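Analysis of the macromolecular model
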Amino acid sequence: MIWKSLKMIHYLNKKYIPFVVLGKILAVSQVYVNIIMGSVILDMVINRQAVPNIMRLVIIMVISSALLIVGWWGIENILRVMEGELVSKMRQAIVEHCMTLDYEVLERKETLEMIQRAGDSINSGGGIRNFYNNLTSFIEYLITIITSVVVLIPLFVPVTKKVSGLTGFLNGWYSGLILVCIILVSVVFRYLLARRRSRIEQKQFEKNIDLNREFGYYFNIIFRYRTGKDIRLYRMQDKILNGLSENAKGIENNGKWMMKGVRPDSIWKNVVNYILLLSTYVYVGLKVICQLISLGNVMKYVTAITRMSDSLGSIMESYNALHIRGKYVSYYYDFLNIKNEKYEGTLPLEKRDDNEYLLEFKDVSFRYPNQKDMVLSHVSMKFTVGEKMAIVGPNGAGKSTFIKLLCRLYDPTEGEILLNGIDIKLYDYEEYMKIFSIVFQDYQLFSFPLAENVAASIEYDSEKVKCSLIEAGFEKQLEKFDDGIHTNLYQMKEKGIEISGGEAQKIALARALYKDAAIVILDEPTSALDPVSEFEIYKRFDEMVQGKTSIYISHRMSSCRFCNRILVFDKGRIVQSGSHEQLMSQTDKLYAKLWEAQAKYYQ
Ligand code: ADP
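Below, the structure is looked at part by part. Being a predicted model, the structure only gives us computed values, none of them experimental. (Residues numbered from 1 in each chain as written. Predicted model: local features only at pLDDT ≥ 70, side-chain atom pairs only at ≥ 80, totals over all residues. Heavy atoms only, no water.)

Some remarks on the overall build of the chain
Note the threshold: Put simply, DSSP H or I for four residues or longer makes a helix, DSSP E for two residues or longer makes a strand, and each gets a number counted from the N terminus. Note that the radius of gyration is over C-alpha atoms, with the globule rule given as 2.2 Å times the number of residues to the power 0.38. Residue exposure (1.4 Å probe, protein chains only): buried if accessible area is under 20% of the type maximum, exposed if over 50%, otherwise partly exposed. Working definition of accessibility: Shrake-Rupley area with a 1.4 Å probe, residue cover restricted to the visible protein chains. Charge counting follows a simple rule: Lys and Arg are positive, Asp and Glu are negative, and His as well as the terminal groups are ignored. A charged residue contributes its charge at one atom only: NZ of Lys, CZ of Arg, CG of Asp or CD of Glu.
Broken down by element type, the chain carries 20 helices and ten strands. Expected size for 603 residues packed as a compact globule is a radius of gyration near 25 Å; at 37 Å, the chain overshoots this value by more than 25%. Taking all 603 residues of the chain together, 46% fall into the buried category. When the accessible surface of the chain is totalled, it reaches about 32,200 Å², and 59% of it is carbon and sulfur. Taken as two groups, the 74 positive and 66 negative side-chain charges of the chain have centres that lie 12 Å from each other.

Laid out in structure tokens, this is it:
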């Protein structure tokens, strides 16, 4: 996973890793320049050498140290910028991938979880930023170890003069072996501690995934003014605050659980470091006493040994951490690797000026993913070109689902839907969707300018936008807007305006009109409109959809009257089909009952 992550970083920015290496070489060199030259200077002072010579060396040491610091500082700054860019590129990739996912795949719980994990891997404490930190630390430790080994070689090389007794023992390479063993034990110990810590952290990350998503949800509803109304009306503040505090408690408990697991580590680490430091001083000090090395070298060797053992321990920790962070990066990969399962056809769609698009449902049944029961069963019907059709039926009868299948948000579980005799799956999806203008019940307007909402694009034909709005009955409201069709909707942007449910519905209708497609589908299009507006819109729509195929789903039975054909859905089946008069004549059936039930209120 580490290798994969490195490859990804290198792919996103070829300069990042070389810059990290260069920066760390400068940082480590700066430390060692001071240590090595410092010990030489100390020896020169002890040996009472000429002051100008000592001063020259001090100046060289200060200048080279300053240059290295400036170089390192410059590179560090460049790296921070690069990391920011890398994170935004990764975030961008998540957004882009999300946009290309099939609706059916997107709404799955697993997908939502993966999006959360991928987002967490970039944002939270366990994320990719830590991978960068671990990577730079890893490289720093590696360079420190290599430099320390080079600096330490003379300490273990026997001096040429003949010596015996304790001096002889210390002069032999085997005495150094004792120190090496102590270093190794401390390194292995730290490695084991680090591995344990990484496992605990990994568990904490996993435990927090659901809690983070839940927190995101609360955050969203608390700060969105559009949810604010219901929260206040139904006094839901306590419930939400309660949920939020439960959530915070969960996250806090996970944090406590982790801290409890890793708390003793620092004590153990200090004990081991102390033993190592003591042994180093004893070893190096004895060598000085036995005159095997000069006093000036004490600092150099002690620092080199402690830095090396420290780096050896830390490099293990870093490796473990990189491994774990690599796993987080793998969540990111997992998300980007989610594939759409919908068959993607390539057939081009003939653009017909006569709008002769023949659609047919052939024995279609459908069950939502992970559900037991069919929501539609054995639905067969043909659309007649240019026909105005209404779909009615009780709530949950499957009317919206029928439309969702038609626009391929889902594919049928059984049976097929044909366009001009060919399965709709075989058509290029984008081309296929061009023949539909659909307004769903839960249509969405966005906090963009009005014109962009209508055109569903940043590029638009202003005249056509205005015409569509006027045709959808929005003329009077438009006149009141200072910025006309450039007015921002909602309050995300400057001077954004609030609109009523009925106004929003008219804008959604205008969007359908702007698209000017061959088949117009309106799912409960006028539920938020007052009766006068509703009547006007139906009248206008009637004129506008001349020559087009149109489908209306509506609760208001009265609005179905002007349709050529009415389909009555019940429990996922088409139970009746015909004109209003035909259906009314079947007095014992569902349509007549629904009609009577509503008519009562109008009498
Ligand atoms: P209608 O438009 O006639 O009111 P729908 O087509 O919206 O009915 O819904 C039909 C049934 O399918 C309902 O029982 C509803 O709960 C269920 N349903 C709708 N959407 C989903 C979904 N995304 N996942 C699972 N079940 C769903």
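Now that the structure is up, let's keep going.
Brief notes about the packing of helix 8 (residues 173-223) against helix 10 (residues 237-289)
For the record, the criterion: For every element, the axis is a line fit to its C-alpha atoms; helices are fit only across the contacting stretch, and the angle between N-to-C directions ranges from 0 to 180 degrees. Under this scheme an angle from 65 to 115 degrees is roughly perpendicular, one under 35 degrees roughly parallel, and one over 145 degrees roughly antiparallel; angles in between are oblique.
One way to put it is that helix 8 packs onto helix 10 with a least axis distance of 10 Å and a crossing angle of 170 degrees. It follows that helix 8 is roughly antiparallel to helix 10 by the angle criterion.

A short note on the environment of Tyr-331
The cut-off we apply is this: What makes two residues a contact is simply this: any of their non-hydrogen atoms within 4.5 Å. In the analysis that follows, any N or O atom pair within 3.5 Å is treated as a polar contact, provided that within protein one partner can donate a hydrogen and the other can accept it, and provided that, for residues neighboring in sequence, both atoms belong to side chains.
Within the secondary structure, Tyr-331 sits in helix 11 (residues 297-336). Looking at Tyr-331, the relative accessible area reads 9%, which means it is buried. The spatial distance from the C-alpha of Tyr-331 to the C-alpha of Gly-398 is 36 Å, given a sequence separation of 67 residues. Dropping the residues within four chain positions of it, Tyr-331 is found in contact with Arg-117, Ala-118, Gln-202, Phe-205 and Glu-206. At a separation of 3.3 Å, a polar atom in the side chain of Tyr-331 contacts the side chain of Gln-202. Here the side chain of Tyr-331 touches Glu-206 through a polar contact of 2.3 Å, side chain to side chain.

Comments concerning a nonpolar patch on the surface
Note the threshold: Here the term patch refers to residues with relative accessible area over 30% and no salt bridge, with like charges joined within 9 Å and nonpolar side chains (Val, Leu, Ile, Met, Phe, Trp, Tyr) within 5 Å. Put simply, a salt bridge is a Lys or Arg side-chain nitrogen that is within 4 Å of an Asp or Glu carboxyl oxygen.
A cluster of nonpolar side chains, Leu-166, Phe-169, Trp-173, Tyr-174, Leu-177, Ile-178, Val-180 and Leu-184, forms an exposed patch at the surface whose accessible area comes to about 780 Å². Residue assignment for the nonpolar patch shows that the elements contributing at least two residues are helix 7 (165-171) and helix 8. Here the nonpolar patch takes six residues from helix 8, the largest share from any one element. On the secondary structure map, Tyr-174 appears in helix 8.

Topic: the site of the ligand
How we decide: The cutoff for a nearby residue is simple: one of its non-hydrogen atoms must lie within 4 Å of the molecule or strand. Side-chain classes follow a simple rule in which Ala, Val, Leu, Ile, Met, Phe, Trp, Tyr, Cys and Pro form the nonpolar group, Asp, Glu, Lys and Arg form the charged group, and the remainder, Gly included, forms the polar group.
Taken together, 14 residues surround the ligand, and among them Gly-396, Gly-398, Lys-399, Ser-400 and Thr-401 come closest. Within the contact set of the ligand, an oxygen atom lies 2.9 Å away from a backbone nitrogen or oxygen of Ser-400. Protein contact buries 65% of the 560 Å² of open area that the ligand shows by itself. For the shell around the ligand, the residue count by class is five nonpolar, six polar and three charged.

A short note on the sheet that holds strand 1 (residues 359-366)
To keep it simple, the criterion reads: At least two DSSP bridges between two strands are required for those strands to pair.
A sheet is described by the order of its strands in space; here four strands give the open sequence 2-1-4-5, paired in antiparallel fashion. In this open sheet, the two strands that pair with only one neighbour each are strand 2 (376-382) and strand 5 (422-423). Bridging between strand 1 and strand 4 (residues 414-419) involves five bridges; their strand directions are antiparallel. Among the inter-strand pairings, Leu-359 is bridged to a residue of strand 4, identified as Leu-419. Contacting strand 1, strand 2 and strand 4, helix 12 (residues 399-406) runs over the sheet at an angle of about 120 degrees to strand 1.

Treat this as a map of the structure, not an account of what it does.
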